[in-house]
Amino acid sequence: QVQLVESGGSLVQAGGSLRLSCAASGRTFSIYGMGWFRQAPGKEREFVAAISWSGGRTHYADSVKGRFTIFRDNAKNTVYLQMNSLKPEDTAVYYCAADSLPYRTTVTKTGFGSWGQGIQVTVSS
């Protein structure tokens, strides 16, 4: 069973930057893809970004493409989400997620079986 702990959430002004971190423990980190999701008040949780187990492939939601970057450090068992040019509509609780299938050859948006507790990101206008 993998444990995921997010950090780095904060209040930031529009146009600013923030980096979220997600530390994983409990199983071999480097063989599983990872992802980030978010949920704004009154809305369903939505996909933000995902990265393959090797880090060689990434996928982004259209709403964050060009502004957000997902990357991982397998030596630190950590996945990151670098968020630039933040907008008020990026305000949400952000969740880290771990793929349930090791060595997946594609970048999944739906195959996540473990979730962090979530962390608040608030972007003021």
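See the structure above.
Residues numbered from 1 in each chain as written. Predicted model: local features only at pLDDT ≥ 70, side-chain atom pairs only at ≥ 80, totals over all residues. Heavy atoms only, no water.

K.L.:
Honestly, the packing of aromatic side chains in this entry has me stumped. Any pointers?
P.N.:
The way to describe two aromatic rings as a pair is by their centre distance and the angle between their planes. If you walk through the whole model with that rule in mind, you get six aromatic pairs. By the ring-pair criterion, three or more aromatic residues cluster together here, those being F37, F47, F112 and W115. Sitting over the face of the ring of W115, R45 holds its NZ or CZ atom 4.0 Å from the ring centroid. Above the plane of the ring of F29 lies R72, whose end atom (NZ or CZ) is 4.4 Å from the centre. (Phe/Tyr/Trp six-rings, centres within 6.5 Å; stacked < 30°, edge-to-face > 60°. Lys NZ or Arg CZ within 6 Å of the ring centre and 35° of its normal.)

K.L.:
How do you make sense of the state of the cysteines when you look at a structure like this?
P.N.:
A covalent bond between the sulfur atoms of two cysteines is referred to as a disulfide. Inspection of every chain in the model, using the stated rule, returns one disulfide. Shown here is the disulfide that connects C22 with C96, its sulfur atoms set 2.1 Å apart. Handedness here is read from the sign of the S-S torsion; for C22 and C96, about -80°, the answer is left-handed. One end of the pair, C22, is in strand 3 (residues 18-25); the other, C96, is in strand 9 (residues 92-102), and 74 residues separate them in sequence. (Disulfide = S-S within 2.5 Å. Helix = DSSP H or I, 4+ residues; strand = E, 2+ residues; numbered from the N terminus.)

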